[in-house]
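Breakdown of the fold
If you want the building blocks of each chain, they are given just below.
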Amino acid sequence: MWEYSSPLIAPEKRTIEPSRAQKDPTIVFYEGRWHVFMTVKLPGRSAIEYCSFEKWDDAQESKRTLLQVSDSKYFCAPQVFYFTPHKRWYLIYQAGMPGSKKMWVAYSTSTNIADPQSWTKAQPMLDGGPDDPRTVGGLDYWIICDDKRAYLFLTSLDGRMWRLWTRLEDFPNGFDHCELALQDSIFEASHTYKLKGRNEYLTVIEQNGQRYFKAYVADRLDGPWTPLADTFERPFASARNIRPATGVRRWTDNVSHGELIRDGNDQTLTVDPENLQFVFQGMLEKHKSGKGYGAFQWRIGLLTPADSERVEP
């Protein structure tokens, strides 16, 4: 059972490029501050916005900055991590580029995560051209590394999760093949982590409809994935096992595109299974009625393990 916070990051009130949704959060804690990158739905385009704060209670009032990494009208779904071999921060995201049959698997780098102006212009890991090994373009690109390889996972909205890899010394290049990693009743936003203190990996994947997350485990990144919590009734996180924290008004029954808070910030994407917290986008199912997906007004909240001794009113 999880408990959810009040919305922590919602669209900022502004007249220039107002956002109607805050989505797809990716988070690291570095030098005493949280650093959050997220998709924003702006008039006529989707982009990536950054904010930073010391405490989650200050998240909504923290300064927002739109990243200037691409001229595309569609670049979003970010992932951030520190790539130790290069001593640089990497931001991975999807970008729609004119004339490309598949979205770019794009990246930018920085040596100063606290400076949103420092990110390099978008470059492609994969550009959708004739040498692109992807069977399908997919979306929600995700990088995780072991001590020899960098793996790229993606989903294709049709029950399939795909896997590519390259040698660690060749990253961010060298992704020259693509294989099926998992086929099941899954949709998008596959996020994979190393479990601290265990020789295991955890993948959480979003399912369509009333959004929720399933969970799968594997003993290696190039191995098979075994279901751990894979139904709405027995989920990783769904309306069945979330409730508002004490004093919080009910504001979501969807658990959509989220990220586990990591135990560190490097390319291994390690999480502590004894201290799981999940930053997610949420909204009430009834507020979807009559709207297309692009009009959904997502907000970002935090799931923490519920106190088993608390009695529901």
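Residues numbered from 1 in each chain as written. Predicted model: local features only at pLDDT ≥ 70, side-chain atom pairs only at ≥ 80, totals over all residues. Heavy atoms only, no water.

1. Structural notes on the nonpolar core
Let me state the cut-off plainly: Side-chain atoms within 4.5 Å are what join buried Ala, Val, Leu, Ile, Met, Phe, Trp, Tyr and Cys residues into a set we call a nonpolar core. Each residue's exposure class comes from its accessible area (1.4 Å probe, protein chains only) as a fraction of the maximum for that residue type: buried when under 20%, exposed when over 50%, partly exposed otherwise. By the criteria applied, helices consist of DSSP H or I runs no shorter than four residues and strands consist of E runs no shorter than two, each listed in order from the N terminus. By definition, residues are in contact when any of their heavy atoms lie within 4.5 Å.
Phe-236 and Phe-278 are the most contacted members of the largest nonpolar core, which totals 62 residues. Broken down by element, the residue count for this core peaks at 6 residues, all from strand β10 (residues 139-145). In this view, Phe-236 contacts Trp-2, Val-204, Phe-213, Lys-214, Ala-215, Ala-229, Asn-241, Leu-260, Leu-276 and Phe-278; residues no more than four positions away in its chain are not counted.

2. Brief notes about the sheet that holds strand β6 (residues 75-83)
Let me state the cut-off plainly: Criterion used throughout: strands pair if DSSP finds at least two bridges between them. Here an angle of 0 to 180 degrees is reported between the N-to-C directions of two axes, which are lines fitted to C-alpha atoms, with helices fitted over the stretch in contact.
Across the sheet, which stays open at both edges, the 4 strands sit in the order β6-β7-β8-β9 with antiparallel pairing between neighbours. The sheet is open, and its two edges are formed by β6 and β9 (123-126), each paired on a single side. Along the sheet, successive strands turn relative to each other by an average axial angle of 30°, direction set aside.

3. Examining unusual backbone geometry
A cis amide bond links Phe-171 to the next residue, Pro-172, at an omega of 10°. Within the secondary structure layout, Pro-172 lies in the loop between β12 (160-167) and β13 (179-183). The phi angle at Glu-31 is positive, at roughly 50°, despite the residue not being glycine. Mapped onto the secondary structure, Glu-31 falls in the loop between β2 (22-30) and β3 (33-42). Its relative accessible area of 68% is what places Glu-31 among the exposed residues. A positive phi angle, close to 60°, is found at Leu-157, a residue other than glycine. The topology assignment puts Leu-157 in the loop between β11 (149-155) and β12. By relative accessible area, which is 41% here, Leu-157 ends up partly exposed.

4. Things to note about the pattern of salt bridges
Operational definition: One speaks of a salt bridge when a side-chain nitrogen belonging to Lys or Arg is within 4 Å of a carboxyl oxygen belonging to Asp or Glu.
Following the criterion strictly, the structure yields 23 salt bridges and no others. Salt bridges sharing partners connect three or more residues here, namely Glu-12, Arg-14, Glu-49 and Arg-64.

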